[in-house]
Amino acid sequence: MTRAILWFRNDLRVADNEALHAACTAHDEVLPVVIIDPKQHGARPFGFERSGPFRRRFLNEAIAGLDAELRSLGSCLRVVVADPAEALQQLVPEWRAVAVYAQRLYGWEEQEQERAVASRVALHLLAPNTLLHPDDLPFPVQRLPHVFTAFRNKVEKQWAVREPVATPARINTPEGWGGGAEHPALPHEPITEDQRAPFTFTGDRAAALARLNHYCSGPELLGSYKLTRNGLLGSDFSGRFSPWLATGTLGAREVYRAVKDYEAVHGANESSYWMVFELLWRDFFQFTAAMHGRDLFLRHGIAHKPAKGDHNTRRFEAWCEGRTGQPFIDANMRELAATGWMSNRGRQNVASYLVHDLGIDWRMGAYWFERMLIDYDPCSNWGNWQYVAGVGNDPREGRRFDAVRQAGMYDPEGAYVEHWG
Ligand SMILES: Cc1cc2nc3c(=O)[nH]c(=O)nc-3n(C[C@H](O)[C@H](O)[C@H](O)COP(=O)(O)OP(=O)(O)OC[C@H]3O[C@@H](n4cnc5c(N)ncnc54)[C@H](O)[C@@H]3O)c2cc1C
């Protein structure tokens, strides 16, 4: 009889979960744990905490949902608030486990966690939540093309998205496992719901699947995604899958399969292709993080270029609170503050405005997004910020958006600005 610990990270689901599948295949008993590293939620150089109320609530809901899923399979979740290496070093001998299984992650801190854990216990790392399995890329991750188009051209020539791994029918977990941290695991200040929010996100898998089904079942939404994806107002101009993808409540391959199912019924079109194209962007930033490690989080970026920008608190706080005086920027920042989410068009504009108009160090904006976004993902967030700041993998120099022009194009009637005004 052998036991293994399953360290859940950004893969908070039981379906198509490679680490869970591997642990259940190789061992008789599996002990599932989520470890919240306080360092990743605490204060940072610019003075504010790294996770705010919306992100904490969403994560708490995802964790509670995972516990419920595990219970339906005869298991249960333990939640620990601690440094992962220390926690696992203690749990492995205490529970006579022979190994730890986990999903590999590409953020720099996450890579450091893996190295620390592997130095203390036997750690088996399985594939990250990417559309393409890293082993199926037509080049080693360390030889990733610098520019997205080159990456896409190469991978699209040799396309392979793996089939899902089986969900265990039952998970044997010893008596007494489970519980752990106080619930909720990530305490936060109360949230007042804003009546202007066009959509309510909840972190559990049922909500993720409901959204996937809503968006991909008929031609109205996915079928016109390419035309609507730059929208700002309303709930259905884009998939809104990102928060569940970031926590791993939803797998990238699950979104891909929903698109393929849609195409089997309604036929492929530019819009259904474009959803997969966006998932490739997501993969591109994941593999970029794997290749560049710590540079993704440093001021000079992966391009090793000098970055402009100061740390002026007055200008930065005006941006955070949506009172710069630029109505389009302020509307987007107010939506973020009130809901924990913002459209892609909005993100590009507010990031450009912070860096190129307000002259602030881009990392302050990246940390603010890390705090605020319920879909915060280290690779997507820091990769996109570097892109806008001109220190990442954008072939063009410093991508500045003209907020007045952008508002004219994407909010011609001013309805979005009025909504969040
Ligand atoms: C400054 C900045 C910071 C960002 N920070 C994050 C972040 O922390 N987490 C995050 O998930 N996305 C981030 N994005 C990317 C993008 O804005 C969001 O993924 C997208 O808005 C999520 O909405 P959606 O799910 O409706 O996307 P859809 O338009 O429906 O796209 C489908 C999926 O494709 C992926 N995707 C789309 N665009 C991008 C992109 N530019 N980069 C990476 N993946 C993409 C997402 O997983 C998304 O869920 C950031 C973009 C910018 C400009």
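No experiment lies behind these values; they were computed from the predicted model shown.

## Section: the site of the ligand
Stage number 1. Around the ligand, the surrounding shell holds 26 residues, and the nearest of these are Tyr225, Ser238, Gly239, Arg240 and Asn344.
Stage number 2. Interatomic distance of 2.5 Å between a side-chain N/O atom of tyrosine 225 and an oxygen atom of the ligand.
Stage number 3. Contacts to the ligand include phenylalanine 241, whose backbone N or O atom sits 3.0 Å from an oxygen atom.
Stage number 4. Protein burial of the ligand: of its 820 Å² of free accessible surface, 97% is covered by the chains.
Stage number 5. Looking at the shell around the ligand, the elements with two or more residues in it are helix 8 (242-247), helix 10 (270-292), helix 13 (344-357) and helix 15 (378-389).

## Looking at the environment of alanine 415
Stage number 1. Tracing the chain through its elements places alanine 415 in helix 17 (residues 415-419).
Stage number 2. With 186 residues separating them in the primary sequence, alanine 415 and arginine 229 have C-alpha atoms 17 Å apart.

## Focus on the pattern of salt bridges
Stage number 1. This model, assessed by the stated rule, comprises 29 salt bridges.
Stage number 2. Of the charged contacts, one joins arginine 13 and glutamate 254 as a salt bridge, the two residues approaching to 3.9 Å between their closest N and O atoms. Of this pair, arginine 13 sits in the loop between strand 1 (3-8) and helix 1 (18-26) while glutamate 254 sits in helix 9 (residues 252-266), placing them 241 residues apart in sequence. Here arginine 13 and glutamate 254 have matching classes, each one buried.
Stage number 3. Salt-bridge contacts for arginine 56 lead to glutamate 49; the nearest nitrogen and oxygen are separated by 3.7 Å.

## Re unusual backbone geometry
Backbone phi values are negative for most residues with the exception of glycine, while trans is the configuration of most peptide bonds.
Stage number 1. The backbone of aspartate 16 shows a phi angle near 45°, a positive value even though the residue is not glycine.
Stage number 2. By the secondary structure assignment, aspartate 16 is in the loop between strand 1 and helix 1.
Stage number 3. In this structure, arginine 240 is a non-glycine residue whose phi angle is positive, near 60°.
Stage number 4. Relative to the helices and strands, arginine 240 is located in the loop between helix 7 (225-228) and helix 8.
Stage number 5. Overall, the relative accessible area of 4% leaves arginine 240 in the buried class.

## Some remarks on the packing of helix 13 against helix 16 (residues 403-410)
Axes are the key here: two packed helices are described by the angle between their axes and the distance separating the axes.
Stage number 1. Following both chains from N to C, one finds helix 13 and helix 16 inclined at 170°, their axes separated by 11 Å at the closest point. By the angle between their directions, the pair helix 13 and helix 16 is classed as roughly antiparallel. Between helix 13 and helix 16 lies a crossing whose hand is left-handed. Counting all contacts with helix 13, which are made through Arg345, Asn349 and Tyr353, the residues of helix 16 involved are Ala403, Gln406 and Tyr410.
Stage number 2. For the contact of helix 13 with helix 16, the residue count by class is 3 nonpolar, 2 polar and 1 charged.

## Things to note about the domain arrangement of the protein chain
Stage number 1. The domain boundaries assigned to the protein chain delineate domain 1 (3-128), domain 2 (205-292) and domain 3 (298-419).
Stage number 2. Distance between the C-alpha centres of domain 1 and domain 3: 31 Å.
Stage number 3. Listed as interface residues are 16 residues of domain 1 and, on the opposing side, 19 residues of domain 3.
Stage number 4. Counting the surface lost from both domain 1 and domain 3, the interface buries some 1,400 Å², and carbon and sulfur atoms represent 67% of this.
Stage number 5. Looking at the side of domain 1 facing domain 3, the largest losses of area belong to Phe46, Phe48 and Phe54, adding up to 46% of the total buried there.

## Focus: the packing of aromatic side chains
Stage number 1. According to the stated counting rule, one finds 36 aromatic pairs in the structure shown.
Stage number 2. Ring centres 3.9 Å apart and planes at 10° place the aromatic pair phenylalanine 148 and tryptophan 281 in the stacked group. Taken together, the positions of phenylalanine 148 in helix 5 (residues 148-157) and tryptophan 281 in helix 10 put the pair 133 residues apart, joining distant regions of the chain.
Stage number 3. With relative accessibility at 19%, the residue tryptophan 281 sits in the buried group.
Stage number 4. With 5.8 Å between their ring centres and 25° between their planes, phenylalanine 316 and tryptophan 319 make a pair best called stacked. Of this pair, phenylalanine 316 and tryptophan 319 both sit in helix 11 (residues 313-320), separated by 3 residues, roughly a single helical turn.
Stage number 5. Taking NZ or CZ as reference, arginine 9 lies 4.2 Å from the ring centre of tryptophan 7, over its face.
Stage number 6. Looking at arginine 347, its charged tip hangs above the ring of tryptophan 341, at a distance of 5.7 Å from the centre.

## A few points about the sheet that holds strand 5 (residues 123-126)
Stage number 1. Read across the sheet, 6 strands follow the order 5-4-1-2-3-6 without closing on themselves; strand pairing throughout is parallel. Of all the strands in the sheet, the pair left with one neighbour each is strand 5 and strand 6 (179-180).
Stage number 2. Here strand 1 pairs with strand 4 (residues 99-103) via 4 bridges, running parallel. In the sheet register, leucine 6 faces strand 4, and the bridge partner there is tyrosine 101.
Stage number 3. Of the strands in this sheet, strand 1, strand 4 and strand 5 touch helix 4 (residues 108-118), which is tilted by about 150° from strand 5.

Analysis parameters
- Residues numbered from 1 in each chain as written.
- Predicted model: local features only at pLDDT ≥ 70, side-chain atom pairs only at ≥ 80, totals over all residues.
- Heavy atoms only, no water.
- Near = heavy atom within 4 Å.
- Polar contact = N/O pair within 3.5 Å; in protein donor to acceptor, adjacent residues only side chain to side chain.
- Areas by Shrake-Rupley, 256 points an atom, 1.4 Å probe, with all protein chains shown as cover.
- Helix = DSSP H or I, 4+ residues; strand = E, 2+ residues; numbered from the N terminus.
- Salt bridge = Lys/Arg side-chain N within 4 Å of Asp/Glu carboxyl O.
- Buried < 20%, exposed > 50% of the residue type's maximum accessible area, 1.4 Å probe, protein only.
- Axes fitted to C-alpha atoms, helices over the stretch in contact; angles between N-to-C directions.
- Parallel < 35°, antiparallel > 145°, perpendicular 65-115°, else oblique.
- Left-handed = near helix turned anticlockwise from the far one by under 90°.
- Contact = heavy atoms within 4.5 Å.
- Nonpolar A, V, L, I, M, F, W, Y, C, P; charged D, E, K, R; others polar.
- Domains from an automatic or database assignment.
- Buried area = accessible area lost by both parts, 1.4 Å probe.
- Phe/Tyr/Trp six-rings, centres within 6.5 Å; stacked < 30°, edge-to-face > 60°.
- Lys NZ or Arg CZ within 6 Å of the ring centre and 35° of its normal.
- Pairing = 2+ DSSP bridges.

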